[in-house]
Amino acid sequence: MKKFSYITMAFVALATAFSGCKDQGGKSNGALSSNAAERVYVEPGKYDEFYAFLSGGFSGQLAVYGIPSGRLLKVVPVFSQDPEKAYGYNEETKPLLNTTHGFIPWDDTHHPDMSQTNGVLDGRWIFMNGNNTPRVARVDLTTFETAEIMEIPNSACNHSSAFVTENTEYVIAGTRFAVPIPQKDIAISERKGNFKASLSFISIDKDNGGMDLAFQIRVPGFDYDLVHPGRGKSHGWVFFTTYNTEEAHTLLEVNASQNDKDFIAAINWKKAEEYIKEGKFKTEATQYAHNVYDEETHMATSTIKKEVRVLDSSELPGLVYYLPTPKSPHGCDVDPTGEYIVGNGKLSADLTVHSFSKMIDAIENKKFDGEAYGNPILNFEDVLGGTVIQPGLGPLHTEFDDKGNAYTTFFISSEVVKWKVGTWEILDRKPTYYSPGHLSVPGGNSRKPWGKYVLAMNKITKDRYLPTGPELTQSAQLYDITGEKMELLSDFPTIGEPHYASMVPADIIQPKSKKIYKLSENKHPHAATTDAAVKVERDGNEVRVYMTMIRSHLNPDNIEGIKVGDKVYFHLTNLEQDFDVPHGFAVIGAENSELLVMPGQTETLVWYPKKVGVWPFYCTDFCSALHQEMQGYIRVSPANSNTELNWSLGE
Amino acid sequence: MFLGVLLPLLLFVFPLWKITLEAPQYPTSLGMLIYINDFADAHPHDIKNINLMNHYVGMKYIPNAIPEFKIFPYGIVITTVIGLIIAFMGNHKWYLYWFIMMVLVSAAGLIDFYIWEHDYGHNLDPRAILKFTNEDGTAMGFQPPFFGTKHILNFTAHSYPRLGAYFLALGIALGLVAYFVGKREKS
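What you see is a predicted model, and the numbers here were worked out from it, not measured in a lab.

**Looking at the sheet that holds strand E22 (residues 351-355) of chain A**
Residues and elements named next belong to chain A.
And step 1. The four strands are arranged E20-E21-E22-E25 in an open sheet whose pairing can be described as antiparallel. Two strands bound the open sheet, and with one partner strand each, they are strand E20 (329-334) and strand E25 (384-388). Each neighbouring strand pair of the sheet contributes to a mean axis angle of 20°, computed without reference to strand direction.
And step 2. Sheet topology places E22 next to E25; four bridges connect them, and they run antiparallel.

And the structure:
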C-alpha cells in the first residue's frame, strides 16, 4: 500500500512537472507555438508574396520591402540625393530636384500611393509627396526609378498628398499650412481670414503616367491634414481632414485644439471638372517646376511653368462641403464600398464615421448648419454614419480588409484595433511597439483589399532592438489578419521614418520589372554605344570623355592632355546587355559621387582636375572576375602646358 | 515521297540545333540557336553574353555569319529540287539514291559542325586572361558537346538537335520508306 502511494505520488509529481513545462512554454514561446516564424520565413531563393513600398520619411526616399519576410529590396531615391546611385549628383538626374527655390537636395516624404484601375491597384506607378518644398513624385514600377517630379504652387507643406483616384484620373495634393496667396510681406498675426489654402488636382496621362496640374481649388485657410478620394459610390468626391479651424498662428498645440469639432472637407471634383469646362476658373500667374526623366535619353529636363487654373470655392457653389468631425481629425479613410468616411479624431476617445449617402441626402435637402467663408457646413448628426465607442487613445489611421473589417492605429495607447464596419463593434486589439502612425493592408485603401496582413509603422522603438546610440531605428510590425484575432508575426527596422506604405501582391509588378535598358534605344546625346564611338573632345576648357564600360575594361583607360582648370565631363555608357551587370565609375577627388550605370544606360560625372599628376579612375561595382583590373589613368598637366589630347585602350 | 522531299524545307523556319549553357549565375540559361543560315539568340543578347564570357578564356567571338550559311541553304534547295524530280519520275530505285544522298549531305553538315565546334573550343587566343590545363598538362579546351551534355568549368553545356533537324531526319526517313513501299508495290 505504501509502495503504491509512493508510485502514485511520483506520477503526480511527473504530471505536474510536464504540465508546468507546457504552460511555461505556451507563454514564453508564443511565436513558436503559433509558428509565426515559419509564416515570415522565406526560403533562400524564394520570393516574397507582396511588395511593400514604405515612405522613407525624413530620408526623402522610398523603401521597397518584401512581405512577409521584411527584407529590404531597394531604396529608391526620390527627393534626396543619393551618392550610391549618383541620383541628384550626375548631370542626368540633377534637373529632377530643381524647384523655384533652386536645387533642393532633400525632402520629407510621407504617403506613397499606387496607381489604380477600376479601384484596384495596378502596379504601374507610385506617387509620393514631398512635404517641405511641396512636390509630388512619380516612381515608375518597371524601372523602380523616379520618373517625374512636380512642384506644387500655392502650397506650404504638402501633407494631404499624394493620393490617387480610382482610375488614376488625379493625384490629389492638399496643403497643411495656409499662406498668403499670392505670397506677400504681411504680419503673421494677420493670418486669420487672410491666409488661404489650395487643393491641387494633378491629372495623370493614362498611357505614360505624365503629370499635369489640371486645377487648384481655393479653400478657407484651415490646415488640410490628410486626404482620401472616394471610391465606388463616392467616386468623384475627395475627402480632406482639417484641423486648426481656429486659424491660429502660434502655440497651435493649445490654440488649434479649442474647437470641439473641426471638419472633414468633402470636395466634389466632378463638379470642379464641370466648372473648368464652363470656363469658370481664373488663370493665376505663379511659378512651379515640372521635371521629367526620359528613359531613352536617360536624362531629366526641368521646365518652369507660369500659370495655374484656380476655382474659388467661396464663389462656386457645390464644390466644397464641411462635415463637422470631433477633435482635430488626422487620418481620413474611405472604406472599400465608398460609403463610409472615417475621421480619426486624434484627440478624441471615439472614432467618428460619416456616411456618404447621408451626406448626399443632407446636401440635396440643403440641411446646412452655417457656413465657413461661403462654404456650407453640414449638421454633424445628419452625416454621422456611426461611432466606434472608446476604441483606444489617439486614433490616427484606418485601413480595411476584404471581409468588412477595419483596422485603426492608436498612437497614444500604442495599439492596432480591429472593428466591424457597420456595427462599429470592437473585435480585437493588439499592442504595437511603440506608437504607430500609419498602417497598411495590401490594397487596404482601394476597392479591393487583399486582407492577409496589416503592417503597422511605429514611430518609437526604445528597447526593441540592440541599441545604436541615441538615434534608434523606427520599425514596421507585421500582423496576420486572416483569423478572428490578429497575430503579431514579426517586426523589422526601416529606413528614415516610414509614414504610409502601399502593399501589393508581387505578381502584379514582378513580371513587368525591367532587366536592362536596350542599348539600341539609347538616345543620350553623349552616349558611346559602340567602341568606335569612343572619343575625347575639347571645347575651350571643357573636355568631354565618351567612355564605354564592359567586362572588364573601361574604354579609353589612358587619357592625356587634361589640364588643371578644365571641366571634365565623363560620359559613361554601359555596353552590357545582361541582367544585373551594372558598372560603377569613380575618379579621385570627384566632388560629387560615383556613377552606377545600368546596362544600356549613359550617365555623366563632372570632374574638376585641380592637381598636376597622373590620377586613377576605376569601376566601383564588383562586376566580374577581372573587376579589379577595370581601372585607368588620367594625366593632368599644368594649365599652360601643350600636352596633346590623347586617349587609348590596350596600346 | 513528296512529303519526305518537302519536309527539309522547314529548316528555313525552325532551328537545326541548340547549344545551351547553364550556370548558377545564369538562372535564365544562355542559349544559341543554329539555323540553316543564321545564329540566333535563345533570349535577347545571349550570343553577346556568351562572347563576353568566353573572351576570358580566349575563345573567338561567335561570328555574325559563317560561309556555311551561304552554302547550306543552296544545298537544301538543290537536294529538294532533285528530290522533286525523282518524286515525279516515280521510280522507287531513285528514291533510295535520294535517301543515300541526303544521308551523305547531312553527315557532311554534321562533320562540318563538329570541325567548327572543335576550332571554336580549342583555337584559343594565346593571350587569354584565364588559362586552364587538363590533368595531363595540355591546354584545356572549351568545345561544347557535339551531342549531349558536358560540364565545362562552371557551366553545364547542352547540345541537341531542334525541330528543323527532326523534320530533316523525318524527311530522309520517309524517302527510305517510300523506297520500300515502291519496291513492294512493284513486286
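**Description of the packing of helix H3 (residues 68-89) of chain B against helix H4 (residues 92-122) of chain B**
Residue and element names in this part refer to chain B.
And step 1. Contact geometry for H3 and H4: axes closest at 10 Å, N-to-C directions at 170°. The orientation of H3 with respect to H4, classified from their angle, is roughly antiparallel. Contact residues: H3 offers Glu 68, Phe 72, Thr 79, Ile 82, Gly 83, Ile 86, Ala 87 and Met 89, while H4 offers Trp 94, Tyr 95, Trp 98, Met 101, Met 102, Val 105, Gly 109 and Asp 112.
And step 2. For the contact of H3 with H4, the residue count by class is 11 nonpolar, three polar and two charged.

**Details of the state of the cysteines**
The term disulfide refers to a covalent linkage connecting the sulfur atoms of a pair of cysteines.
Residues and elements named next belong to chain A.
And step 1. Per the counting criterion, the structure on display carries zero disulfides over all chains.
And step 2. With no disulfide of its own, Cys 157 lies 17 Å from the sulfur of Cys 332, the closest cysteine sulfur.
And step 3. Of the residues examined, Cys 157 reaches a relative accessible area of 12% and is grouped as buried.
And step 4. Cys 623 provides the cysteine sulfur closest to Cys 619, a residue in no disulfide bond, and the two sulfurs are 4.2 Å apart.

**Details of unusual backbone geometry**
Residue and element names in this part refer to chain A.
And step 1. Residue Pro 182 is reached from Ile 181 by a cis peptide bond, and omega for that bond is -5°.
And step 2. In this fold, Pro 182 is placed in the loop between strand E11 (170-173) and helix H4 (191-194).
And step 3. Look at the link from Asn 555 to Pro 556: it is a cis peptide, with omega at 5°.
And step 4. One can find Pro 556 in the loop between strand E37 (553-555) and strand E38 (558-563).

**What to know about the pattern of salt bridges**
And step 1. For the structure on display, the rule yields 33 salt bridges over all chains.
And step 2. A salt bridge links A:Lys85 to A:Asp82; the nearest nitrogen and oxygen atoms lie 3.7 Å apart.

**A word on the packing of H4(B) against helix H5 (residues 163-186) of chain B**
All names here are of chain B.
And step 1. The geometry of H4 relative to H5 is characterised by a closest axis approach of 8 Å and an angle of 160° between their N-to-C directions. In this view, H4 runs roughly antiparallel relative to H5, as classed from their interaxial angle. Read as a crossing pair, H4 and H5 show a hand that is left-handed. Together, His 92, Lys 93, Tyr 95, Leu 96, Trp 98, Phe 99, Met 102, Val 103 and Ser 106 of H4 and Leu 168, Gly 171, Ile 172, Gly 175, Leu 176, Ala 178, Tyr 179, Gly 182, Lys 183 and Lys 186 of H5 make up the contact between the two elements.
And step 2. Taken together, the residues of the contact of H4 with H5 sort by class into 11 nonpolar, five polar and three charged.

Calculation notes
Residues numbered from 1 in each chain as written. Chains lettered and ligands numbered in written order. Predicted model: local features only at pLDDT ≥ 70, side-chain atom pairs only at ≥ 80, totals over all residues. Heavy atoms only, no water. Pairing = 2+ DSSP bridges. Helix = DSSP H or I, 4+ residues; strand = E, 2+ residues; numbered from the N terminus. Axes fitted to C-alpha atoms, helices over the stretch in contact; angles between N-to-C directions. Parallel < 35°, antiparallel > 145°, perpendicular 65-115°, else oblique. Contact = heavy atoms within 4.5 Å. Nonpolar A, V, L, I, M, F, W, Y, C, P; charged D, E, K, R; others polar. Disulfide = S-S within 2.5 Å. Buried < 20%, exposed > 50% of the residue type's maximum accessible area, 1.4 Å probe, protein only. Salt bridge = Lys/Arg side-chain N within 4 Å of Asp/Glu carboxyl O. Left-handed = near helix turned anticlockwise from the far one by under 90°.

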